[in-house]
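# Structural features, examined
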Amino acid sequence: MNLYLRKISEREDLTEKEAYQALLMILEDQVSDTEISAFLMGLKAKGETTTEIVGIVKALLEKAMSFSFRIPHAMDNCGTGGDQSQSFNVSTTTAFVLSGAGIKVAKHGNRAISSRSGSADVLEYLGIHLTCSGEQVEELLERVGISFLFAPHVHPGLGKVMKVRKELNIPTIFNLIGPLTNPVRLESQLLGIYQRKMVVPFARILNQLGRKRAVVLNGYGNLDEASLAGENYLALLENGQVKELNVHPTEFGLKTIPNSEICGGNVQENAEILVSVLKGETGVYRDTVLFNAGIGLFASGKVNDIQDGIELAKESIDSGAALEKFMQLREYSRRLQKGVS
């Protein structure tokens, strides 16, 4: 590890193999917390390359929980976090809307690192079981159409990294790569990222990881969600090709609203927002979810354009289908916790 740290400190990029080997050493508990911190901060100061990201992701996936199945058309809509927006749990709420619209959603996520409430925090508060086995994930995807994959559970070697990240309390490469490390073999993905310069590179990385179709987006104000505040920058991956798009909410009949209006709160407050949206309450939270769900449905290939996706997202909520997915997941989670299949 010292060799890699020296190289990074001299602002030299690691090769894919070096990044892969460095992360394996971390996952196999061969390095100290100080070395992990130096590795994360060194990469951040130097600037992470796509080659380094691919090497690290491959090491994480190699050591992740193993899934022997492939759920047809499964997708994830996890964002990177790290945008410091303090928004409500947009992607988590959106996941239920996508599921209500007929998408198999393998939602990857974690507890809060740089925000007040992460996806795992809000789902746990709402009674969702976080530590499902591979077989239980498969069962949930088949029976309910949505499952949550808790990052520390499916990546058991990341305990020390999580400790260091929590202590640093700043975005690191792990805020970037989290959405790339879902161990389920996804066919499509909606990935929000807070660094605009990484939108196209991440779309290309998703192609390397086997996604058939995906959208990577950077929201107005560098949110890792689609924003109602202005123009959003997207990269569409389709048939191995990447196409750049700029979309504004007014193109789809949505009002322009400042990002400050989608601020959330603590876990309880964010949970209440999530449920209120699924119950059909109108307002900025709903419109933000509709926008993101519309893009997600477009990313999945279920619809041909974002406008059709937004209309389908409205139907998912207004028909009660999205809320039903939430209730089903909570019920199955309770049964799993009690050991009842």
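We now turn to the structure provided with this report. Note on numbering: residues in each chain are counted from 1, in written sequence order. pLDDT decides what is reported in this predicted model: residues at 70 or higher carry local features, side-chain atom pairs at 80 or more are listed and counted, and totals for whole chains, interfaces and linings draw on all residues regardless. As a rule here, side-chain values come from all non-hydrogen atoms in the structure, and water together with hydrogens is ignored.

## A look at the overall build of the protein
- In this text, helices come from DSSP runs of H or I with a minimum length of four residues, and strands from runs of E with a minimum of two, each type numbered from the N-terminal end. Each helix and strand in the protein was counted, giving 15 helices and 7 strands.
- Taken along the three principal axes of its C-alpha coordinates, the protein extends 60 × 45 × 40 Å.
- Calculation of accessible area relied on Shrake-Rupley with a 1.4 Å probe; when residues are assessed, cover is drawn exclusively from the protein chains displayed. Total accessible area on the protein is roughly 13,600 Å²; 46% of this is exposed by carbon and sulfur atoms.
- Charged residues are defined here as Lys and Arg on the positive side and Asp and Glu on the negative side; His and the ends of the chain fall outside this count. We put the charge of a Lys on NZ, of an Arg on CZ, of an Asp on CG and of a Glu on CD. In the protein, the 36 positive side-chain charges and the 40 negative ones have mean positions that sit 2 Å from each other.

## What to know about the environment of His 153
- The topology assignment puts His 153 in helix H8 (residues 151-154).
- Think of it in three bands: residues with accessible area under 20% of the maximum for their type are buried, residues over 50% are exposed, and the middle band is partly exposed, with areas taken using a 1.4 Å probe on protein chains only. Given a relative accessible area of 28%, His 153 falls into the partly exposed group.
- When the C-alpha positions of His 153 and Thr 94 are compared, they lie 22 Å apart, and in sequence the two are 59 residues distant.
- Other than its neighbours up to four places away in sequence, His 153 contacts Met 65, Thr 131, Cys 132 and Ser 133.
- A polar side-chain atom of His 153 sits 3.0 Å from the main-chain carbonyl oxygen of Cys 132. Contacts between residues were defined by any pair of non-hydrogen atoms, one from each residue, lying within 4.5 Å. By the criterion applied in these results, polar contacts are pairs of N or O atoms within 3.5 Å in which, for protein atoms, one can donate a hydrogen and the other can accept it, and in which residues neighboring in sequence qualify only through two side-chain atoms.

## Description of the layout of surface pockets
- Cavities and pockets were defined on a 1 Å grid built over protein atoms only: a cavity is a set of grid points that admits a 1.4 Å probe from which the probe cannot escape, a pocket is an open set flanked by protein on both sides within 12 Å along at least five of seven lines, and lining residues are those with an atom within 4 Å of any such point. Grid points are joined across faces, edges and corners, and a volume is the space filled by probe spheres set on the points. Here the largest pocket defines a volume of roughly 200 Å³.
- Taken together, Pro 72, His 73, Gly 102, Ile 103, Lys 104, Glu 187, Ser 188, Lys 212, Arg 213, Ser 300 and Lys 302 make up the lining of the largest pocket.
- All amino acids are sorted into three groups, where Ala, Val, Leu, Ile, Met, Phe, Trp, Tyr, Cys and Pro are nonpolar, Asp, Glu, Lys and Arg are charged, and the leftover types, Gly among them, are polar. A per-class count over the lining of the largest pocket returns 2 nonpolar, 4 polar and 5 charged.

## Regarding the nonpolar core
- Counting residues in each nonpolar core, the largest one holds 71 residues, and the members touching the most others are Phe 291 and Ile 295.
- When residues in this core are grouped by element, the largest group, 9 residues, is from helix H13 (residues 284-300).
- What Ile 295 contacts, discounting residues up to four positions off in sequence, is Leu 190, Val 215, Leu 217, Ala 226, Leu 234 and Ile 306.
- Val 31, Leu 40, Met 162 and Ala 214 belong to the second largest nonpolar core, which has 47 residues in total. By convention a nonpolar core is built from buried Ala, Val, Leu, Ile, Met, Phe, Trp, Tyr and Cys residues, the set being connected through side-chain atoms within 4.5 Å.

## Topic: the packing of aromatic side chains
- For Phe, Tyr and Trp, where Trp contributes only its six-membered ring, two rings pair if their centres lie within 6.5 Å, and the inter-plane angle classes them as stacked under 30 degrees, edge-to-face over 60, or tilted in between. In total, this model carries 3 aromatic pairs according to the counting rule given.
- For the pair Phe 88 and Tyr 285, a centre-to-centre distance of 4.9 Å together with 70° between the ring planes defines the contact as edge-to-face. Of this pair, Phe 88 sits in the loop between strand E1 (75-76) and helix H5 (90-100) while Tyr 285 is found in helix H13, placing the two residues 197 residues apart along the sequence.
- Here Phe 252 and Phe 291 contribute two aromatic rings whose centre-to-centre distance is 5.9 Å and whose plane-to-plane angle is 45°, an arrangement assigned as tilted. One end of the pair, Phe 252, is in the loop between strand E7 (241-247) and helix H12 (267-278); the other, Phe 291, is in helix H13, with 39 residues separating them in the sequence. An identical accessibility class is assigned to Phe 252 and Phe 291; each is buried.
- Lysine and arginine charges are scored as sitting over a ring when NZ or CZ, respectively, is within 6 Å of the ring centre and within 35 degrees of the ring normal. In this structure, Arg 213 packs its charged tip against the face of Phe 298, placed 4.8 Å from the ring centre.

## Focus: H5
- Among the 11 residues in H5, 10 count as buried, and that is most of the element.
- Turning to H5, its buried residues number three or more, namely Val 90, Ser 91, Thr 92, Thr 93, Thr 94, Ala 95, Phe 96, Val 97, Leu 98 and Ser 99.
- Positioned one or two residues after H5, Gly 102 has a phi angle of 100°, which is positive.

## Side note on the pairing of strand E4 (residues 188-192)
- By the criterion of burial, E4 is predominantly enclosed, with 5 of the 5 residues buried.
- Side chains Ser 188, Leu 190 and Gly 192 of E4 all project onto a buried face; the interleaved residues Gln 189 and Leu 191 project onto the opposite face, where all are buried too.
- Where E1 meets E4, 2 bridges bridge the pair, whose relative direction is parallel. If you follow Met 75 over to E4, its bridge partner there is Ser 188.
- Two strands are counted as paired when DSSP detects at least two bridges linking them. Sheet topology places E4 next to strand E5 (residues 213-218); 5 bridges connect them, and they run parallel. Paired with Gln 189 across the strands is Ala 214, a residue of E5.
- Assessed by its sense of winding, the connection that carries the chain from E4 through helix H11 (residues 199-208) to E5 is right-handed. If you view a crossover with the strands going away from you and the path from the first strand over the helix to the second runs clockwise, you call it right-handed.

## So, empty space enclosed by the protein
- The full count for this structure, using the stated rule, is 3 cavities of 30 Å³ or more.
- Here the largest cavity is characterised by a volume of approximately 610 Å³.
- Lining of the largest cavity is provided by 41 residues; of these, Gly 79, Thr 80, Gly 81, Asn 110 and Arg 111 occupy positions nearest its centre.
- For the lining of the largest cavity, the elements supplying multiple residues, two or more each, are H5, strand E2 (105-109), helix H9 (159-168) and helix H10 (173-177).
- Partitioned by chemical class, the residues of the lining of the largest cavity number 12 nonpolar, 23 polar and 6 charged.
- Here the second largest cavity is characterised by a volume of approximately 50 Å³.
- Every residue along the wall of the second largest cavity is listed here: Asn 77, Ser 91, Thr 94, Leu 190, Gly 192, Leu 217, Asp 224, Glu 225, Ala 226 and Asn 292.
- Of all the secondary-structure elements, those providing two or more residues to the lining of the second largest cavity are H5 and E4.
- Its residues assigned to classes, the lining of the second largest cavity shows 3 nonpolar, 5 polar and 2 charged.

## Digging into the side chain of Thr 93
- With respect to the helices, strands and loops of the structure, Thr 93 is situated in helix H5.
- By relative accessible area, Thr 93 is classed as buried at 0%.
- When near neighbours in sequence (up to four residues on either side) are disregarded, Thr 93 contacts Phe 88, Leu 274, Val 277, Leu 278 and Val 289.

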